[in-house]
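Residue-level structure breakdown
Now for the letters of each chain:
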Amino acid sequence: MKILIVEDEPTTADAIRSGLQAEGCVPEVARTGTEGLARLQAGIFDAVVLDWMLPGLDGIAILRALKHITPKPPVLLLTAKDAVEDRVTGLDSGADDYLVKPFAFAELLARLRALTRRAGGEESLLLQSGDLVIDLKTRRVSRDGNAIALTPREYDLLVYLMRHTGQVVTRGMIARDVWRETNRSTPLDNVIDVHLARLRRKVDEGRDKRLIHTIRGVGFLCREKPESDT
Ligand code: CA
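Residues numbered from 1 in each chain as written. Predicted model: local features only at pLDDT ≥ 70, side-chain atom pairs only at ≥ 80, totals over all residues. Heavy atoms only, no water.

1. Looking at the nonpolar core
What counts is decided by this rule: Throughout, nonpolar core names a set of buried Ala, Val, Leu, Ile, Met, Phe, Trp, Tyr and Cys residues whose side chains join them through atoms within 4.5 Å. Buried means the residue's accessible area, taken with a 1.4 Å probe over protein chains only, is under 20% of the maximum for its type, while exposed means over 50%, and partly exposed covers the values in between. Helical segments are the DSSP runs of H or I of at least four residues, strand segments are the runs of E of at least two, and each set is numbered from the N terminus. By definition in these notes, contact holds between two residues if any of their heavy atoms fall within 4.5 Å.
Ile134, Leu158 and Ile174 are the most contacted members of the largest nonpolar core, which totals 31 residues. Of all the secondary structure elements, the ones that give two or more residues to this core are strand S7 (132-135), helix H6 (152-163), helix H7 (171-179), helix H8 (189-204) and strand S12 (219-222). For this core, the element with the highest residue contribution is H6, accounting for 7 residues. Beyond its immediate chain neighbours, meaning those up to four positions away, Leu158 contacts Leu132, Ile134, Val141, Leu150, Leu199, Val203 and Ile212. In terms of nonpolar packing, the next biggest core, distinct from the first, is built from 19 residues, Leu50, Ile60, Leu63 and Leu66 among them.

This is the structure we're talking about:
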């Protein structure tokens, strides 16, 4: 199970991470709300352990943004707040469960297990744009029913573009969220362009309707209807 921990307190984050690792999970830690949201937009997680009070975006802001992410992973909200109205705010914002700090790790684990069991029963998870469909569980990509074979990087890129359907995605966003390399001495722009060109050939070549568009000087856009396309 891939679990994202969004927690700014290093001791708490490390304790949860090593506990989950010992349980055979694959935890990732984000130290700020902004980083947490970027990872949620770029990857697929089975569950999220989300602290309420965070630098950057707080837990409630992340929960609101998560409503637009498919598939939405179940969220266990950590809170130092124990007032009834705070719990209601948390659950109303889309948290699936909450845990009041301080808590025992066994309790966190039990809650997470219950959440992922519930989530596992849901229907298949599809991303769709026009006749292009991605099944996020099987990683199968098809257009008009015909399977498209993608490399793992092309797949990640396409998921990222489709999750931002209708929004312009810059090369900087792709470098940060798909490649996750922000400290390179040379920019990734050329590498990204090469992968995008390949992806676009596989997805759009020979089709009447193109889905991946270049916005000159800005970035890329996944959209059904072409406009100011190059
Ligand atoms: Ca905190």
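2. So, the pairing of strand S2 (residues 26-30)
On a regular strand, one side chain projects to one face of the sheet and the next to the other, so that they alternate. The following threshold applies: Any two strands with at least two DSSP bridges between them are considered paired. Here a crossover is taken to be right-handed if, once the strands point away from the viewer, the path from the first strand over the helix to the second is traced clockwise.
Burial runs high along S2: 4 of the 5 residues are buried. In the sheet, strand S1 (residues 2-6) pairs with S2 via 5 bridges, with the strands oriented parallel. From the neighbouring strand, Val6 faces S2, where its bridge partner is Ala30. Once you follow S1 into helix H1 (residues 10-22) and on to S2, the crossover reads as right-handed.

3. Description of the coordination of the calcium ion
We apply this condition: Coordination shells were defined by N, O and S atoms within 2.8 Å of each metal, extended to 3.2 Å for Na, K and Ca; water is absent from the atom set, which can make sites look incomplete.
Coordination of the calcium ion by the protein comes from Asp8 (OD), Asp51 (OD) and Met53 (O), over a distance range of 2.1 to 2.4 Å. Between consecutive donors of the calcium ion, the numbers of intervening residues give the motif D-x42-D-x1-M. Take Asp51: its relative accessible area is 3%, and that puts it in the buried class.

4. Description of empty space enclosed by the protein
Definition in use: Using a 1 Å grid laid over the protein atoms alone, points where a 1.4 Å probe fits but cannot get out form a cavity; open sets with protein on both sides within 12 Å along at least 5 of 7 lines form a pocket; any residue with an atom within 4 Å of a point counts as lining. Grid points are joined across faces, edges and corners, and a volume is the space filled by probe spheres set on the points. Amino acids outside the nonpolar list (Ala, Val, Leu, Ile, Met, Phe, Trp, Tyr, Cys, Pro) and the charged list (Asp, Glu, Lys, Arg) are all regarded as polar, and Gly is one of them.
Scanning the entire structure with this criterion turns up 1 cavity of 30 Å³ or more. Counted as a void, the largest cavity has a volume near 40 Å³. In this structure, the largest cavity is lined by Trp52, Leu77, Thr79, Lys81, Asp86, Arg87, Gly90 and Tyr98. With 3 residues, the top contributor of residues to the lining of the largest cavity is helix H4 (residues 84-92). Here the residues of the lining of the largest cavity are counted per class, giving 3 nonpolar, 2 polar and 3 charged.

5. Describing the sheet that holds strand S6 (residues 126-129)
For clarity, the cut-off: In this analysis, axes come from line fits to C-alpha atoms, helices being fitted only over the stretch in contact, and the angle between any two N-to-C directions falls in the range 0 to 180 degrees.
As summarised here, the arrangement of the 4 strands in space is S6-S7-S8-S9, forming an open sheet in which the pairing is antiparallel. Whereas interior strands pair on both sides, the edge strands pair on one side only; in this sheet they are S6 and strand S9 (146-148). When strand polarity is set aside, the average angle formed by the axes of neighbouring strands in this sheet is 25 degrees. Direction of pairing for S7 relative to strand S8 (residues 140-143): antiparallel, over a ladder of 4 bridges. If you follow Asp135 over to S8, its bridge partner there is Arg140. Across the sheet, H6 is in contact with S6, S7 and S8; its angle to S7 comes to roughly 115 degrees.

6. Brief notes about the layout of surface pockets
Reported here for the second largest pocket is a volume of approximately 170 Å³. Looking at the second largest pocket, it is lined by 10 residues, and the ones nearest its centre are Glu35, Ala38, Arg39, Arg176 and Asp177. Within the residue set of the lining of the second largest pocket, elements represented by two or more residues are helix H2 (33-42) and H7. Among the elements that take part in the lining of the second largest pocket, H2 stands out by supplying 5 residues, more than any other. By residue class, the composition of the lining of the second largest pocket is 2 nonpolar, 2 polar and 6 charged.

7. Some details on the sheet that holds S12
Think of a sheet as strands paired side by side through backbone hydrogen bonds, with each pair either parallel or antiparallel. Taken in spatial order, the 3 strands line up as S10-S12-S11 in an open sheet, and their pairing is antiparallel. The open sheet has two free edges, formed respectively by strand S10 (168-170) and strand S11 (212-215), since each of these has just one partner strand. For this sheet, the mean inter-axis angle between neighbouring strands, taken without regard to orientation, is 35 degrees. Where S10 meets S12, 3 bridges bridge the pair, whose relative direction is antiparallel. Of the residues in S12, the one forming a bridge with Val169 is Phe220. Strand contacts of H6: S10, S11 and S12, with the helix running at about 70 degrees to S12, the strand carrying the most contacts. In the packing of H8 onto the sheet, the strands contacted are S11 and S12, and the crossing angle to S11 comes to about 145 degrees.

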